[in-house]
Structures are given as C-alpha cells and as structure tokens.
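Letter by letter, the chains look like this.
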Amino acid sequence: MEVVAFRMGIFRNTLCTLGLGIIVFIALMGLLAPIIAGDPYKTNMSERLKPPSLKHLFGTDQLGRDVYSRIVWGARTTLLVALTISIISMTVGCLLGAIAGYFGGIVDDVIGRIIDTFLAIPELVFNIALVGIFCVAYGTSIWNVILAVVVTNWVSYARVMRSIVLSLKEREFVICEKALGAGDWYILLRHVIPNALGPIIVLATLNMGNVIMTISSLGFLGLGVQPPTPEWGQMINAGKNYITTAPWLTFFPGLFIALSVLGFNLLGEGLQEVIGRKRLVE
Amino acid sequence: MLKVEELRVHFRTEFGVVRAVDGVSFEVERGEKFTLIGESGSGKSVLAQSILRLLPKNAYVSGRIIFEGRNLLELGEEEMRRIRGRKIAWIPQSQSSLNPVLTVGLQCAEPVMEHFKTDKKSALLKVARMFEFFGMGRGRISDYPHQFSGGMRQRVLVAMGISADPEFLIADEPTKGLDASKRKNIAELFEKIDKTMLIITHDLEFAERVSDRIAVMYCGEVVEISPAKEFFREPLHPYSKGLLESLPSRGLKPIIGFQPSMINPPSGCRFRERCEFAKKICERAPPESIVDGRIVRCWMYAERGWA
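Quick summary incoming for the structure in this document. The shown structure was predicted, so the numbers you read here are calculated from the model rather than taken from an experiment. (Residues numbered from 1 in each chain as written. Chains lettered and ligands numbered in written order. Predicted model: local features only at pLDDT ≥ 70, side-chain atom pairs only at ≥ 80, totals over all residues. Heavy atoms only, no water.)

## Here's the deal with the overall build of chain A
The number of helices and strands found in chain A is eleven helices and zero strands. If you list the helices and strands of chain A from N to C, you get α-α-α-α-α-α-α-α-α-α-α. Structurally, chain A occupies a C-alpha span of about 75 × 45 × 30 Å along its principal axes. Within chain A, the fraction of its 282 residues that count as buried is 47%. In chain A, 72% of the contacts between residues at least 6 apart in sequence involve partners at least 24 apart. By element, 70% of the accessible surface of chain A is carried by carbon and sulfur atoms, the whole surface being about 13500 Å². Within chain A, the 17 negative side-chain charges are centred at a point lying 7 Å from the centre of the 20 positive side-chain charges. (Helix = DSSP H or I, 4+ residues; strand = E, 2+ residues; numbered from the N terminus. Buried < 20%, exposed > 50% of the residue type's maximum accessible area, 1.4 Å probe, protein only. Contact = heavy atoms within 4.5 Å. Areas by Shrake-Rupley, 256 points an atom, 1.4 Å probe, with all protein chains shown as cover. Lys, Arg positive; Asp, Glu negative; His and termini not counted. Charge placed at Lys NZ, Arg CZ, Asp CG, Glu CD.)

## Notes on the sheet that holds strand β10 (residues 221-227) of chain B
Two modes of strand pairing occur in sheets, parallel and antiparallel, and in both the strands are linked by backbone hydrogen bonds. Residue and element names in this part refer to chain B. An order of β6-β7-β8-β3-β9-β10-β12-β11 is seen for the eight strands of this open sheet, with the pairing classed as mixed. Of all strands in the sheet, those with a lone pairing partner are β6 (88-91) and β11 (288-291), marking the two edges. Strand-to-strand, the axes of this sheet are offset by a mean angle of 20°, without reference to chain direction. Sheet analysis places strand β9 (residues 213-218) next to β10, joined by six bridges and oriented antiparallel. Of the residues in β10, the one forming a bridge with Ala-215 is Ile-225. Sitting on the sheet, helix α5 (residues 150-162) touches β6 and β7 (168-172), and the angle it makes with β6 is about 170°. (Pairing = 2+ DSSP bridges. Axes fitted to C-alpha atoms, helices over the stretch in contact; angles between N-to-C directions.)

## Thoughts on unusual backbone geometry
Geometrically, the link from Pro-227 of chain A to Pro-228 of chain A is a cis peptide bond, its omega value of 10° lying close to zero. Non-glycine residue Glu-68 of chain B carries a positive phi angle of around 50°. With respect to the helices and strands, Glu-68 of chain B occurs in the loop between β4 (59-67) and β5 (70-71).

## A short note on the interface of chain A and chain B
Between chain A and chain B, the residue contacts involve 19 residues of the former and 29 residues of the latter. Summed over both partners, the interface of chain A with chain B comes to about 1900 Å²; 54% of that surface belongs to carbon and sulfur atoms. Run the count over chain A and chain B and you get one salt bridge. Across the pair Arg-190 of chain A and Glu-110 of chain B runs a salt bridge whose closest N-O atoms are separated by 3.0 Å. Linking chain A to chain B there are nine residue pairs in polar contact (both at pLDDT 80 or more). (Buried area = accessible area lost by both parts, 1.4 Å probe. Salt bridge = Lys/Arg side-chain N within 4 Å of Asp/Glu carboxyl O. Polar contact = N/O pair within 3.5 Å; in protein donor to acceptor, adjacent residues only side chain to side chain.)

Below is the structure:
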C-alpha cells in the first residue's frame, strides 16, 4: 500500500518526475550503447573534426571518431564509476556514522575527529593528490579514481547518518527493544539503520551529482578514466584545443555532464519534498 | 519477588544534581499488581527504568534492586540483557514505541526468537495466537504500526511485552494518551494478564481498577504504600488525599502550588509547602510510620512529635 502511495508521490512531484526522466534517459543510453551507438574507438583520419551532420550526429573528433558514439559509451563509464563510488562510500559512511552515533563516547570522538579532518581538506585537491599517490603505488587503473573519491565521499554519509542515529537512539522504540533484551548490534542493524534510510536515499541521490562532477573533473585534468576509454570529462580535455574551430567536441560532453548532474539533483530535491511531506502526514 | 532498597537515582546536569529518585524502598510480592502513582516529574518513570538499567549514562544509581536473590545493579550487561524481556519485561508508553518500518508481528516475535531461539515461523504463530487473545485479528500481525489506532497500538505493546513469557512486567503509563473507553479496554486486558506487575501511572481511575497495592510518589520519594482498596477509601498522606480530591469524581479540587524543583528540594517533608496541615515539625524529615500495615511518611502518623 505505502509503496504505491510513495510511487504516486514521486510522480506527482514535478521535480522528481523530471529528474527521474533524465536519469532513466541517460541510464538507457548506457545500457543500450552497443545497439544505439557505433564503435567509439574507430578512428578515421579522412573525417577528422567534421561538424555535426546526419552521418555523425555530434560531429567527429581530432582522430575522426564519432562523438555521438563516444558520448553514449561514456554514459556507461560515468554511471558505472559513479554508482560504484556511491555504493562503497554509502556503505562505509553509513556504518561508521551509525556506530559513532549509536555507541557515542570515545568511538564517537575518534570517528568524529576523522570526519572533521577529512572535511578540513578541500575535496578535489585531496582527490587529485590521492589519485597521484595511487597511480605511483599501484599503476594506472580505474580503481584509483574510485578509491580516491570514496576516501573523501564517505564523510558526508557518515555525518548525516551519525546525526540521524543520535536522534533515533533516543526514540522510545529503541529503548523498548533494549528493555526486551535485544543486543546493541541487533538494534543498530535492524531497528536504527532501516529507519534512517529515507534521508540517506535523498543524500545518495544528491551526492551522485557531485560524484559525477568529481569524476568529470578528474577526467578533465587527465587523472580520471584514461583514453581511449570514452569518458565525458576526458573528452572535454581532449577537445579544448579545438574549442574555437570544433566547439562540438567540448559542447556535447559538457551538455551531458550538466544534464546528468541536473537529473540527480532534481530527483534528490524532489525526493526530499516527497519524503518530507510523508513525514508531515505521519 | 522484586525488592527495591534505598534506591537513589541522581542526574548530574549543568544546573545541579537532579534527585529524581531519592531513597525509595518497596517490595512487590509475587502475583500482585503494584502501582506507582504520582504526578508527572515525580520520578516514577525514572524509577521503573532504573530497574531494567535503561537510564542514560549520566544517571547515578545507588541502593539495591533485588530480583530472584540477585542485585540487578551489580549484574554485567550481558546478564542484564538475558533478564530483560525474558524475566522482566517492559511495556513502554504508547504511540512511538513501535518501530515504524517493521510489521508489528515481527516486532512482537523478536523477544521470542531472541530468548527461546525459536525460528521466525513458530514465533509468529505464537504472536498470532496472542493477538487473537487480545481481541485483534490474527491477520493483523503483518500490518505496520501506523495502520493501528492508539488503543490497538497499546495492546500490541502489551503483546510485545509478554511475548517471551516473562515473570515480571513493568508497564510505564500504559494508558497515556488514550480516551476513556480505550483505557477501560487496557484495564480489562491487564486484569486478564495473570502476572506480577509494576504499573507506573498517573491515571488514578485506571490504578484503582487494576492494582492490588498502591505506592504514591512525590518529588522522588515514596510517601505512602497501601492496599488499593483501603487507599481509595481512605488515603493517609495529605498528598494522597490531595491527589484523590483532585479527581473529577471526587470534587475536582486541585492541590495548591507546584511540585518543587528536584535540584533543591525543600528540607524535611517535601510536601510541606503545599500541605494544609503543615506545622513547624515538618521542617524535619518525617519518619516512616506503619498504620494498620500501611506505610506512610508523614509526621501526622508519627508516634511522637505531632501533637
């Protein structure tokens, strides 16, 4: 019943519907890439830097590759990397935040100080440094980017989770569970965390936008996904030398970065409204 | 069955030490329903929570709470956990004591699974039978808390409390926020439950209906302990009299003044500033007197000093 109500709430909310539409569109692009797009790696030196036409919808780049195909395949890269980062940092952040909030005392102090330390360092600068370190230590790999972003990204989940758990653990049903003989971990995993998921889902959605921005930024700086794998940020970087003569090389990747970030932000804002309104009704 | 001796619960706050419970002693006999009454803030809920050691860490608890020959205040956390729900269960205040994201059946089944190590299916079966006994449909075990009315939620909480078949039940304001007919339902339910109970309430009509003995708490102290019948016929302590007279059915006459702060309670008898009988001697702490087997803490009943 409430699932249906929730779904109706989402679709009645314009922001949600719009955001969800954009995300579904981009996700479908990634999923259907082998069907709807050509080979993103195929170079054609006789057709370099051609403007958008019917044959090449978004034009071609400096190596004569089809920009449209690269954009479509790039959706796959970006979404996969962003999703992996989000899932890992959500798990780590939520768990640490919940532990800090629930047990309090010295555990909270230690985790709290770690969170503060990470918050004090500018995120992107820290990411760049970490990618550098990981590259030197483990060689180039997509996992460098994922790990580097996770290291800074879990903090926001931990902070939000901690504050939710702090208020949840004073709730009567938690005390009641304790009074009926439940252990701390059981209460935490089964009663506290599931009740905190609403705000966490909103945060995760909004955070996806940030993560996509970070991945693209790293890509633009040449630190992210390495060529020739198509990735939007890195495409902008490659196209920036031709920005006056072939602006489609930077315009289309930029457009899709903006679009996907917008999609997640709209959905996040919308969900916040829907979930918030549900709270009020309760 | 449960013996509380000289229990003190103090909270250290930035405004000073709050003496929520200050030297309380009583004994609950096996099979009886013992009710603690008193106005909000008299320390009765804190007292109940201290028995199960559910108080926050800034609470300083001293005295002894003897249950089955063991002092609960000295038990380890793990031993305490085995007692909670299994030996001594807790029926919390209504409404928000159910987890909104789990079905009520599962929540009631949890203590059974935890303490008897039974599987989910048989635990749920037991809960379903209990729901039927409490006048709710068996099918309702798969509903969520928000689908229940306040009165039904309270019945669910009672079911949750007794699901692991405890020997001793503590009910914290079981009629809070319920209307008269729902209170009657809960009273009937409590009469049906054949267990030793400690009931915390400020609902005097409910207390009269279900209890065998009554203890009156005022400002962290127990001022009177009497069998329920005699208490409602003839209360001894001036505060008890005031409480009963403030009932609509007995004249709706409020006690003048407010309950004093628990940080700096008045010396001597804590009720004396509001008491119409107060004399000079009340500035000294009143002794505990026994009148016809009833315990009362007031100079009026002391052997010496009043006249």
